[in-house]
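Remarks on the overall topology
Letter by letter, the chains look like this.
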Protein chains: 2
Amino acid sequence: MDLNSVFTELKKGIAEIIDEDKIKDMIRNFYEKGENFYVKIGMDPTAPDLHLGHTVTLQKMAFLQKHGAIIQFLIGDFTARIGDPSGKSETRKMLSKDEVLKNAKTYEEQVFKVLDPAKTKIMFNSAWDEKLKASDMIAIASTYNVARMLERDDFEKRFKNETPISISEFLYPLLQGYDSVEMKCDIEMGGNDQKFNLLMGRHMQRVYGVGKEQAIITMPLLVGLDGVNKMSKSLNNYIGVTEEPNSMYAKVLSISDDLMWDWYELLSEKSLEEISELKKSVESGKIHPKAAKENLALEITKRFYDEQTAKNAKAEFDTVFSEHALPSNMDEFSVDGEIWVVEAIVKCGLASSNSQARRHINANAFSINQEKVNDDQLKLGSGSYILQIGKRKFAKLNVK
Amino acid sequence: MDLNSVFTELKKGIAEIIDEDKIKDMIRNFYEKGENFYVKIGMDPTAPDLHLGHTVTLQKMAFLQKHGAIIQFLIGDFTARIGDPSGKSETRKMLSKDEVLKNAKTYEEQVFKVLDPAKTKIMFNSAWDEKLKASDMIAIASTYNVARMLERDDFEKRFKNETPISISEFLYPLLQGYDSVEMKCDIEMGGNDQKFNLLMGRHMQRVYGVGKEQAIITMPLLVGLDGVNKMSKSLNNYIGVTEEPNSMYAKVLSISDDLMWDWYELLSEKSLEEISELKKSVESGKIHPKAAKENLALEITKRFYDEQTAKNAKAEFDTVFSEHALPSNMDEFSVDGEIWVVEAIVKCGLASSNSQARRHINANAFSINQEKVNDDQLKLGSGSYILQIGKRKFAKLNVK
């Protein structure tokens, strides 16, 4: 085993490591003595839909699993189940025990697309937090001070802007840090926007005399499809890990050439040398950028499905988008008797309202049987029609 | 019963009332329907030595007891028993259960010098706080925000001066407010430096739907013997409620004429009219200020002892200070063989160290047998000596 190449690979696409030497010792210990080490990652159970942004960290964990890590996948169900007697906090939705368990199941299904289940422990912080008394909470709170808490980026901004911060919000990072005491983890990982919270785990392990202070690995945030913002569900610039393979493949192909190299570094399993080689070939004109993007799209789709499905997605994409042909599968609809073209578009699910359908027609984005149609008063008599909005939305309509 | 005169008397020497009309209704209800109402006062169990500053509030409570109030005397033992795992907080000393109970006993003895025991309930907030879980603590914390908490005077100053504020310190006022939820009190009283915390009780009763919001009565802070600072043990400008009668009487006589009128308003049971009359008589020269001060000293000493003891204290004071005579009782000490004067002073407890004793001698504050002595090398041979520092400290020394 070449430990140096493991360490080099470990650092690929990482934002920051704190206590790198400790991590090297852990991996060395694994190869020399067969000892495992424990890597914590925390997840908010309110949003169980994982997207590629999450997998950046998960893939690094999968890599660590190959070199001795047991992943402690922590579902923060405790705070998610705490109510607010004032009913004023809209930021935190309270979850029932059932919802949390259901979300946890969804998480499991999703993370095991990336992580090795045999080396993963799913944990719930309610297991220890529910046993804590108010006096324990106060003792935990006594270990940290207000000014330092207000140094956390988001708190600092909100305090300056006079946006209210509930005092309970100060307690959540403290409890997140306390999780590391109970879990006795050796490393905690997270996005680089989580650094403050990850350091809190070190602080708590030190204060509570756990006998070690966790190392920290932060991962850069994956930029989403728009090429500008952090990938997130709310910005709709994401690819979900349970997304249909055709959609997954097509979305990767839609990103800019610049963004593609970021994604290669954060999402591909290719080594840094291989990526660097590929980039040189593209820059010298030996390989077309689109071919490089196709490879990435295939690799990502294959990861969440299999090779054949990825190839099929590519074939489908090539058919629809590259050769302007019709997709092999289309939703079919039927109506009895003549129908107004605007109604037909809505009926087939290509627009959500008459006014939206009319806008598509007037924007020259509507075709029937691959011919543009600009007349929003058109009536469709009996016959079979392929309706199309833009490049990717199709439906078949039979008028009887 | 003339309710109007009760209300007038109620407002005597008060800093602020919030919801005055509610309090009037309570008193009216008592006289019309015989219904009691509940008045909370919180005490920190770490410092069970009550001084006259505390009795300002206790006397107002004693007045309310005559008009329908049941006093809920709350000992805040819960927070006093919470540890700090970091060991960093020096401001809060942790107390054991035994210490708290012992202190509570001391409190009882002291407060029943002012309050009617039959209309007083001693309560401990550990009774409900110990049952609270961390999740309850978080829910309580979620009802209040950081910026508003930082508006509390002392927090604001410390935050500006970058003096650390532990996050647990934010939880104590919240719990103090939550006490009002559990106690279902109708009024809370405290010093006017406590207004923020008293308002927290209203806030919590509202948030937790107790069905009422406590009225608030704040009392002005009693200025101490120095005539400048709030009376407090740490500034040593106080008269303790368990202090010796002679000392109590003498200390009242030592205050300035200006301060005397403040004390009359806050400590005397005389009505505002009587005090106003007395003041006029002093100003017009009909009564000497010292006579007014003697009356106050007698009233205060009598409250904590009895009339005869108060009169004896006055007689003793008059003998020692007015006629330069020796006190009737003096501590006696004996030594075998000649003794250095400096050692003698320390031996008799008139100074805490040789250097302090020497300073007294050099400051011309030391007498033997009522004659000033300036020689700090003097040796005392066999005989009987009255040693005296300043005007009030005496001891008898027999050298054999």
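What you see is a predicted model, and the numbers here were worked out from it, not measured in a lab.

Thresholds, definitions, all that
Residues numbered from 1 in each chain as written. Chains lettered and ligands numbered in written order. Predicted model: local features only at pLDDT ≥ 70, side-chain atom pairs only at ≥ 80, totals over all residues. Heavy atoms only, no water. Helix = DSSP H or I, 4+ residues; strand = E, 2+ residues; numbered from the N terminus. Buried < 20%, exposed > 50% of the residue type's maximum accessible area, 1.4 Å probe, protein only. Contact = heavy atoms within 4.5 Å. Lys, Arg positive; Asp, Glu negative; His and termini not counted. Charge placed at Lys NZ, Arg CZ, Asp CG, Glu CD. Pairing = 2+ DSSP bridges. Domains from an automatic or database assignment. Salt bridge = Lys/Arg side-chain N within 4 Å of Asp/Glu carboxyl O. Axes fitted to C-alpha atoms, helices over the stretch in contact; angles between N-to-C directions. pLDDT = per-residue confidence, 0-100. Phe/Tyr/Trp six-rings, centres within 6.5 Å; stacked < 30°, edge-to-face > 60°. Buried area = accessible area lost by both parts, 1.4 Å probe. Polar contact = N/O pair within 3.5 Å; in protein donor to acceptor, adjacent residues only side chain to side chain. Expected span 1.5 Å × (residues − 1). Least-squares fit on C-alpha atoms with pLDDT ≥ 70 in both. Left-handed = near helix turned anticlockwise from the far one by under 90°. Nonpolar A, V, L, I, M, F, W, Y, C, P; charged D, E, K, R; others polar. Parallel < 35°, antiparallel > 145°, perpendicular 65-115°, else oblique.

Some points on the overall build of chain A
When helices and strands are tallied, chain A shows 18 helices and 13 strands. Looking at chain A as a whole, 49% of its 400 residues qualify as buried. Nonlocal contacts in chain A, meaning residues at least 24 apart in sequence, comprise 68% of its contacts between residues at least 6 apart. Side-chain charges of chain A comprise 54 positive and 61 negative groups, with the mean position of each set lying 1 Å from the other.

Quick word on the sheet that holds strand β12 (residues 383–389) of chain A
Across the sheet, which stays open at both edges, the five strands sit in the order β7-β13-β12-β9-β10 (chain A) with mixed pairing between neighbours. Strand pairing shows two members of the sheet lacking a second neighbour, β7 (332–335) and β10 (371–372) of chain A, which therefore form its edges.

A few points about the domain arrangement of chain A
By the assigned domains, chain A splits into domain 1 (3–219), domain 2 (245–322) and domain 3 (332–399). Inter-centroid distance (C-alpha atoms) of domain 1 of chain A to domain 3 of chain A is 50 Å.

Here's the deal with the pattern of salt bridges
Residues and elements named next belong to chain A. This model, assessed by the stated rule, comprises 46 salt bridges over all chains. Lys11 is the partner of Glu20 in a salt bridge, and the nearest nitrogen-oxygen pair spans 3.1 Å. In this structure Glu20 comes out as partly exposed when scored by relative accessible area, which is 24%. Overall, the relative accessible area of 41% leaves Lys11 in the partly exposed class. One salt-bridge network, in which partners are shared between bridges, spans Lys290, Glu294, Lys314 and Asp318.

Some words on the sheet that holds strand β2 (residues 37–43) of chain B
Residue and element names in this part refer to chain B. As summarised here, the arrangement of the six strands in space is β1-β6-β5-β2-β3-β4, forming an open sheet in which the pairing is mixed. A single partner strand is all that each edge strand has here, and the edge strands are β1 (16–18) and β4 (120–124). Across the sheet, the mean angle separating the axes of adjacent strands is 20° when strand polarity is ignored. In this structure, strand β5 (residues 187–191) lies alongside strand β6 (residues 215–219), joined through five bridges in parallel fashion.

Focus: the confidence of the model for chain A
Scored by pLDDT, chain A comes out at a mean of 89, with 94% of its residues at no less than 70. When the criterion is pLDDT under 50, residues 83–91 of chain A qualifies, and its contacts beyond four places in sequence or with other chains add up to 15 contacts.

Description of the environment of A:Glu151
Residue and element names in this part refer to chain A. In this fold, Glu151 is placed in the loop between α8 (146–149) and α9 (153–160). Take Glu151: its relative accessible area is 52%, and that puts it in the exposed class. Counting along the chain gives 45 residues from Glu151 to Phe196, while the straight-line C-alpha distance between them is 9.0 Å.

With respect to the packing of aromatic side chains
Aromatic ring pairs are defined here through the distance separating the ring centres and the angle between the ring planes. All names here are of chain A. In this structure the tally under the stated criterion is 15 aromatic pairs over all chains. A ring pair is formed by Phe155 and Phe170, whose centres lie 5.2 Å apart and whose planes are at 55°; its orientation type is tilted. On the criterion of sequence distance, the pair formed by Phe155 in helix α9 and Phe170 in helix α10 (residues 167–183) is long-range, its members being 15 residues apart. Pair check on accessibility: Phe155 and Phe170 agree, each one buried. Ring plane angle 25° and centroid distance 5.5 Å describe the contact between Trp261 and Tyr264, whose orientation is recorded as stacked.

Here we look at the interface of chain A and chain B
Note: interface size is frequently given as the accessible area lost on complex formation between the parts. At the interface, 38 residues of chain A touch 39 residues of chain B. Of the roughly 3100 Å² buried between chain A and chain B, counting both surfaces, carbon and sulfur atoms make up 77%. Linking chain A with chain B are zero salt bridges, by the criterion used here. The tally of links from chain A across to chain B stands at 11 residue pairs in polar contact (both at pLDDT 80 or more). When contributions to the side of chain A that touches chain B are tallied by element, the ones reaching two or more residues are α7 (134–141), α8 and α10 of chain A.

Quick look at helix α11 (residues 195–207) of chain B
Residue and element names in this part refer to chain B. Under the 1.5 Å per step criterion, the end-to-end length of α11 is 18 Å for 13 residues, consistent within 8% with the ideal 18 Å. All buried positions along α11 are accounted for by Phe196, Asn197, Leu198, Met200, Gly201, Arg202, His203, Met204, Gln205 and Val207. Of the surrounding elements, those touching the buried residues of α11 are β1, α7 (134–141), α8 (146–149), α10 (167–183), β5 and β6. Phi turns positive one or two residues past the end of α11, at Gly209, with a value near 60°.

Things to note about the relation of the copies chain A and chain B
Each copy of the sequence occupies a distinct position, and chain A is placed on chain B by a rotation of 179° and an axial shift of 0.1 Å, giving an RMSD of 0.6 Å. Both copies of the chain, as the preceding transformation shows, are related through a two-fold rotation axis.

Some remarks on unusual backbone geometry
Non-glycine residue A:Asn364 carries a positive phi angle of around 65°. Take A:Asn364: it is sitting in the loop between α18 (354–362) and β9 (366–368). Look at A:Asn364 and you get partly exposed, because its relative accessible area is 39%. One non-glycine residue, B:Asn236, lies in positive phi territory at about 55°. Take B:Asn236: it is sitting in the loop between β6 and α12 (245–253). On the basis of relative accessible area, B:Asn236 is assigned to the exposed category, the value being 59%.

Some details on the packing of helix α13 (residues 257–267) of chain A against helix α15 (residues 289–304) of chain A
Residues and elements named next belong to chain A. Contact pair α13 / α15: the axes reach a minimum separation of 11 Å and the direction vectors enclose 40°. Regarding α13 and α15, the two cross each other, and that crossing is left-handed. Facing Asp257, Met260, Trp263, Tyr264 and Leu267 of α13, the residues of α15 in contact are Pro289, Ala292, Lys293, Asn295, Leu296, Glu299, Ile300 and Arg303. Taken together, the residues that form the contact of α13 with α15 break down as eight nonpolar, one polar and four charged.

Remarks on the side chain of B:Arg202
All names here are of chain B. Topologically, Arg202 is positioned in helix α11. We classify Arg202 as buried; its relative accessible area is 15%. Among the polar contacts made by the side chain of Arg202, one reaches the side chain of Asp19 at a distance of 2.9 Å. Among residues more than four places away in sequence, those in contact with Arg202 are Ile18, Asp19, Glu213, Gln214, Ala215 and Ile216.

Digging into the packing of helix α1 (residues 3–10) of chain A against helix α2 (residues 20–33) of chain A
Residues and elements named next belong to chain A. Direction vectors running N to C along α1 and α2 enclose 135°, while the axes themselves pass 11 Å from each other. Classed by the angle they form, the pair α1 and α2 counts as oblique. Pair α1 / α2 crosses with right-handed handedness. Note on element contacts: α2 touches α1 through Ile23, Lys24, Ile27, Arg28 and Tyr31, opposite Leu3, Val6, Phe7 and Leu10. Of the residues contributing to the contact of α1 with α2, the split by class is seven nonpolar, no polar and two charged.

Focus: the environment of A:Lys302
All names here are of chain A. Tracing the backbone shows Lys302 in helix α15. Since its relative accessible area comes to 43%, Lys302 is described here as partly exposed. Sequence separation between Lys302 and Leu380 is 78 residues; the distance between their C-alpha atoms is 42 Å. Every residue in contact with Lys302, bar those within four places of it in the chain, is listed here: Glu307 and Ala310.

Thoughts on the side chain of B:Gln59
Residue and element names in this part refer to chain B. Looking at the secondary structure, you find Gln59 in helix α3 (residues 52–65). For Gln59, the side chain forms a polar contact with the main-chain oxygen of Leu267, separated by 2.8 Å. A distance of 2.8 Å separates a polar atom in the side chain of Gln59 from a polar atom in the side chain of Arg303. Excluding residues within four positions of it along the chain, Gln59 makes contact with Val114, Leu266, Leu267, Glu269 and Arg303.

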